[in-house]
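Summary of the model geometry
Letter by letter, the chains look like this.
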Amino acid sequence: RSRVFAFLSVLMVVSLVGVGISFVITQKVNSRISEINYRSFPMQKDLIQLSSDTELLKREMERSLGFSHWNNALWKPKRIPMWALEVQRTTLERFKKDNFNSQSWIDWYTRMSRMNVELGYQAEQIYLELQGANMAKAAELYPQWLNRIDMIQKEVEWAKRQIEEETKVSFQGAQGEVKDLRVVLQLLLLVVI
């Protein structure tokens, strides 16, 4: 009787250890999946929106201050609408609310915020030069503005690649932990048998 009791006790302890390990692994998998659902997917959506906002800003710049209009005597330069900059800034602010998980994301956000402010400043400078009929200075500033837009688009593309890579790593980690769980459960079954 004592041998049977000892055997059952050992069997229960092994089962409890297996259940404990399974619970820990399951929690890790849930954590990774939650990170994907609550961080990666919303960030991917916001990055697509930020890319669209940047294109909108570029179109507004072309419409208001674009080089192609400068030779038209009937055309008058207009200030870039503040809403065009605000749309991009608002999308960017949504990133600030997310928890950046590395210094590279914090640096990216800082660069993007700085470039958004600089875009508004440069657009105002171009507008003032065009208003003053200083075409030479406006022609000097305009390519700098376009370069800044290109830099923003490159930063957005970097962020898209980065978040895709992070999502891929999270999925691979979750798959690895599910494999570990399967091995633990198979060993537990083997021990019980």
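First things first, this report covers the structure right here in the doc. Values in this document were obtained by computation on a predicted structure and should not be read as measured data. (Residues numbered from 1 in each chain as written. Predicted model: local features only at pLDDT ≥ 70, side-chain atom pairs only at ≥ 80, totals over all residues. Heavy atoms only, no water.)

1. Re the overall build of the chain
Regarding its fold elements, the chain presents four helices and zero strands. Shown N-terminal to C-terminal, the secondary structure of the chain runs as helices and strands in the order α-α-α-α. Taking 16 Å as the expected radius of gyration for a compact globule of 193 residues, we find that the chain reaches 28 Å, considerably beyond that expectation. Considered along the principal axes of its C-alpha atoms, the chain spans approximately 105 × 20 × 20 Å. Among the 193 residues that make up the chain, the fraction classed as buried is 34%. Within the chain, contacts between residues at least 6 apart in sequence are counted, and of these 77% link residues at least 24 apart. Summed over all atoms, the accessible surface of the chain reaches about 12,100 Å², with 61% contributed by carbon and sulfur. Taking the average location of the 26 positive side-chain charges in the chain and that of its 22 negative ones, the two points are 6 Å from each other. (Helix = DSSP H or I, 4+ residues; strand = E, 2+ residues; numbered from the N terminus. Rg over C-alpha atoms; globule rule 2.2 N^0.38 Å. Buried < 20%, exposed > 50% of the residue type's maximum accessible area, 1.4 Å probe, protein only. Contact = heavy atoms within 4.5 Å. Areas by Shrake-Rupley, 256 points an atom, 1.4 Å probe, with all protein chains shown as cover. Lys, Arg positive; Asp, Glu negative; His and termini not counted. Charge placed at Lys NZ, Arg CZ, Asp CG, Glu CD.)

2. Overview of the side chain of E155
Mapped onto the secondary structure, E155 falls in helix 4 (residues 135-192). A polar atom in the side chain of E155 sits 2.8 Å from the side chain of R111. (Polar contact = N/O pair within 3.5 Å; in protein donor to acceptor, adjacent residues only side chain to side chain.)

3. Considering the packing of aromatic side chains
For the structure on display, the rule yields five aromatic pairs. Both rings, one in F67 and one in W70, keep their centres 4.8 Å apart while their planes meet at 65 degrees; by these two values the pair is edge-to-face. Accessibility expressed as a relative area gives 10% for W70, which makes it buried. On the basis of an interplanar angle of 80 degrees and a centroid distance of 5.5 Å, the ring pair of W105 and W108 is categorised as edge-to-face. With a gap of three residues between them, W105 and W108 both fall in helix 3 (residues 103-131), about one helical turn apart. For W105, a relative accessible area of 0% corresponds to the buried category. Of the residues examined, W108 reaches a relative accessible area of 0% and is grouped as buried. Taken together, the aromatic side chains of F67, W70 and Y142 make up a single cluster linked through ring pairs. (Phe/Tyr/Trp six-rings, centres within 6.5 Å; stacked < 30°, edge-to-face > 60°.)

4. Considering a nonpolar patch on the surface
Residues V4, F7 and L8 make up a contiguous nonpolar surface patch of about 300 Å² in total accessible area. Structurally, the position occupied by V4 is in helix 1 (residues 2-65). (Patch = residues over 30% accessible without salt bridge, like charges linked within 9 Å, V, L, I, M, F, W, Y side chains within 5 Å. Salt bridge = Lys/Arg side-chain N within 4 Å of Asp/Glu carboxyl O.)

5. Overview of the environment of F95
Relative to the helices and strands, F95 resides in helix 2 (residues 82-97). Accessibility expressed as a relative area gives 0% for F95, which makes it buried. Along the backbone, F95 and L47 are 48 residues apart, and their C-alpha atoms lie at a distance of 9.0 Å. Look past the residues within four positions of F95 in its chain and what remains in contact with it is M43, D46, L47, L50, F100, W108 and Y109.

6. A word on the nonpolar core
If you look at the biggest cluster of nonpolar residues, it comprises 33 residues, and the most contacted ones within it are M61, F95, W108, M112, I126 and W145. A per-element tally of this core places helix 3 first, with 10 residues. (Core = buried A, V, L, I, M, F, W, Y, C linked by side-chain atoms within 4.5 Å.)

7. Comments concerning the packing of helix 1 against helix 4
Contact geometry of helix 1 with helix 4 gives a least axis separation of 9 Å together with a crossing angle of 165 degrees. Classified by the angle between their axes, helix 1 and helix 4 sit roughly antiparallel to one another. In this structure, helix 1 crosses over helix 4, and the sense of that crossing is left-handed. Counted by class, the contact of helix 1 with helix 4 contains 31 nonpolar, 12 polar and 13 charged residues. (Axes fitted to C-alpha atoms, helices over the stretch in contact; angles between N-to-C directions. Parallel < 35°, antiparallel > 145°, perpendicular 65-115°, else oblique. Left-handed = near helix turned anticlockwise from the far one by under 90°. Nonpolar A, V, L, I, M, F, W, Y, C, P; charged D, E, K, R; others polar.)

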